[in-house]
Amino acid sequence: MTRRNLIVLLMCSVSYPAIAQQAVMLDEITVTAQKRPEQATDVPISIDVWSGQRLEESRTLRRDQALSATPNAQMGTVSGSLYTNFTAIRGVGSALIDTDPAVGLYVDGVAAGASQTYGGNLLDVDRVEILRGPQGTLYGRNNLAGSVNVISNLPDPSRTYGEFGVDYGRFNTARSFGFFNTPIGNSGWAVRGALSGSRNDGYTPDDATGGKVNSLQDISGRFSVMGPVSDTVDFLGSVEHERQRTVDGAFMSEADFQAGRRSVDIVNPFNGTLSTTTARAQFTARLDSGDRLVSLTGFRTNETDFKGNSFPQGYFAATNAFFRSAGVAGFQYRADNPFNGSYDQISQEFRYESDHNERFKWVGGLYAERSHGSRQYGLTNSFDSGGFLSGSGVTLQSKGVTDTTALAAFADGTFALTERWKIFGGARLGYDHKEFSYDFRSDNASFNTIFAPVVAGFAPAYLASLSAPYVTPRFGTQFEVSDKLNVYASISRGYKSGGFNAGFVARGDEKAFDAETLWSYEAGWKGRFLADRLLLNGSVFFMDWRNQQVQTFNVATQSTPIQNAPTSRSYGAELEARLKIDDHWSVRAGLGYVDATYVDFKNALATGASTTIDVGGNQQQYVSKFSGTVGIGYAWNVGYDDLQGSAEVAYQFRSGFYFDVANTLRQPAYGLLNARIGVENERYAAHLWGLNLADQRYRVSATDFGLGSLVAVGTPLTVGATFKIKFSQQNDAHAIVK
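All values reported here derive from a predicted model rather than from experimental measurement.

Asks: Is there a simple way to think about the sheet that holds strand S9 (residues 125-132) in this case?
Replies: Here we have five strands laid out as an open sheet, ordered S3-S9-S10-S7-S8, and mixed in their pairing. On the outer flanks of this sheet lie strand S3 (47-51) and strand S8 (110-111), each paired with one strand and no other. Both S9 and strand S10 (residues 146-152) contribute to a ladder of seven bridges, which runs antiparallel. Across the sheet, residue Val-125 finds its bridge partner in S10, namely Ser-152.

Shown next as structure tokens:
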């Protein structure tokens, strides 16, 4: 589908309601984007909200799927592997796998400080809130581009209920899932448990092994408990664990991709596990004034362990030939590329929230966080034993350890000047301190001696630290044109911490990279029209971005320096429409435009080389100028066993983008067509679904190690079926409103 056709379809979608006559309305959506419950249409922030129902109807099972289907947002991988995450909103993101994120992710209020843990399952989720633009005032540092809030379903003390389901699809994709909720007597307490397990065989054949790559096994579970500690104090606690095992990061040459090849040729495919545990304890005290005191303690830990390689046979033929000509028989460059990482974080937030019904609504608080992150990269070259080098291989290894202490105080509020005119604003004052240790070693003494220039090119062990205060204010105004339409304008500042490179550091590149900052200017509107059958939201923005942190690859030194681009910028717009035509038909559409470029970056490393180039005016990597989605749904009464039928067809589009700073590795525009149809009642449900129905072939990542472009391929057409059973038993206990 061309860009013009997509725009026409979106326009038709929002104009069609003129023919509808029935009195039906869209549901109101409540969010906590400003850390207080509000209608999404009242919040002066560009937000895309994925309700639990929307996630299920679109078969959006993972966080990256929700972000990638949101206009002006992306989530993918830098190297085609699960742990090398890239996330961006409005063109502002981070292709860094060693540093703090540019987009904040929060799981039930607890920050996911390491971006390597961003990929994951959406298990028993109430909603996902995607907030565009800097959110530094309420959420703090590393929310430069926006924030993603994943909010799980709460325990319900009013009844015992649950569901269990299974599905099966192409590539031997199998999943079982379910949850169970029950009150604890009539005390007002309740517990909720959810569990999911999934697997697939992988969608890419590997000619070298006879097996398949791009497989994923995932098991995740959560246990939650909620109830009153006293007449005025409530408790909410949860523990969540997820373990993902994958064989991924598989590359083929650009030439093979262009020729339509469906398989790779990798002897030792990259594989590993990523395990994440999140726990929280929240106490909420309700005061006589209607105000609330909230204490949220969070803990998050992550372990990452990968090994193998992603490169097709023959890619490093020239490098192997060089060492073999020097007398190292059977030399194989990058035969193994192990990575081991760990991240532990504990946080504490205290908030005071005013009564939500007051003319002046505000929230203020204190935040403290302590984290310990360790990343260990390896590069193993193998060779035949018995030559002038001892052993049968050499591993070059770098290890970076960062201990971070973060403190902040914040306040944010909204004051109603009149019944229609409001002003809002606030500020956060924060302080970061980082202690860093770096170590590089090679485990083969004979290799170190004979090829001393290679080893000597890497930085030796060193210690470093940095400390920095920051301020992230925001202020703006909102005007209610009518009961159904409001407009707003705001200015906000974002901040992303500076730090240190934990990858392979070349001698001379040991210094810290600077913090990123940006100022964002936004204006927008939110409205409900046609007797609440049409929701139409829009926004425009401009972001002035300084000292962008950019990770590159130096072919000559085999290092991964992190550079600061002095000036970048991003501007664009979003348009969202939801339409309830009648009791049967509904339409959802969204369109985003972003022009995100480097303005001043004269010494960027060229792709596949060690020279520097001026990339001023180049497009930001991984960012599409146009992105959009449109979905058409139909619901009907089956007329048997109280079954309700539903069907949806959705199309997700993004224009062409680049994978590198130099804008040499490109993915042209493409779109994904998805569909789902099925029936459901209060006891069971059955659905058929299909993803990428047009079997669109596209790149999800690309790189160049100086020997030609390598690409990783996206998931092809997948079809399957889901069946689930549900049960429910009413209880006399009353639900606690949170």
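Asks: Where do I start with unusual backbone geometry in this structure?
Replies: Glycine aside, residues mostly have negative phi angles, and peptide bonds mostly take the trans form. Look at Asp-124: it is not a glycine, yet its phi comes out positive at around 50°. Position of Asp-124 relative to the elements: it lies in the loop between S8 and S9. Given a relative accessible area of 14%, Asp-124 falls into the buried group. Backbone geometry at Tyr-622 places phi at a positive 70°, although glycine is not the residue there. Counting through the fold element by element, Tyr-622 comes out in the loop between strand S34 (612-613) and strand S35 (626-637).

Asks: In this structure, what is going on with the side chain of Gln-548? I would like to understand it.
Replies: Positionally, Gln-548 belongs in strand S30 (residues 534-551). For Gln-548, a relative accessible area of 3% puts it in the buried group. Not counting the four nearest positions on each side in its chain, Gln-548 is found in contact with Glu-516, Gln-563, Asn-564, Ala-565, Ser-568, Tyr-598 and Gln-620.

Asks: Hey, could you run me through the sheet that holds strand S41 (residues 699-704) in this one?
Replies: Here three strands make up an open sheet; going across it, the order is S18-S42-S41 and the pairing antiparallel. Among the strands making up the open sheet, the edge pair consists of strand S18 (252-253) and S41. In terms of strand pairing, S41 meets strand S42 (residues 709-713) through five bridges, oriented antiparallel. Within the sheet, the bridge partner assigned to Thr-703 lies in S42 and is Leu-710.

Asks: Just to check I follow, could you spell out the environment of Asn-486 for this structure?
Replies: Mapped onto the elements of the fold, Asn-486 is located in strand S28 (residues 485-496). A relative accessible area of 8% means that Asn-486 is categorised as buried. In contact with Asn-486, other than residues within four places in its own chain, are Thr-41, Asp-42, Gln-478, Phe-479, Glu-480, Val-481, Gly-524, Trp-525 and Lys-526. At 2.9 Å, the side chain of Asn-486 forms a polar contact with the backbone oxygen of Thr-41.

Asks: Mind showing me how you'd approach the pairing of strand S13 (residues 190-200) here?
Replies: Looking down a regular strand, the side chains alternate between one sheet face and the other. In terms of strand pairing, strand S12 (residues 173-183) meets S13 through ten bridges, oriented antiparallel. Each residue of the ladder has a partner; that of Phe-177, found in S13, is Ser-196. Here S12 hands over to S13 after six residues, with Gly-185 in that stretch at a positive phi of 60°.

Reading the values: rules and limits
Residues numbered from 1 in each chain as written. Predicted model: local features only at pLDDT ≥ 70, side-chain atom pairs only at ≥ 80, totals over all residues. Heavy atoms only, no water. Pairing = 2+ DSSP bridges. Helix = DSSP H or I, 4+ residues; strand = E, 2+ residues; numbered from the N terminus. Buried < 20%, exposed > 50% of the residue type's maximum accessible area, 1.4 Å probe, protein only. Contact = heavy atoms within 4.5 Å. Polar contact = N/O pair within 3.5 Å; in protein donor to acceptor, adjacent residues only side chain to side chain.

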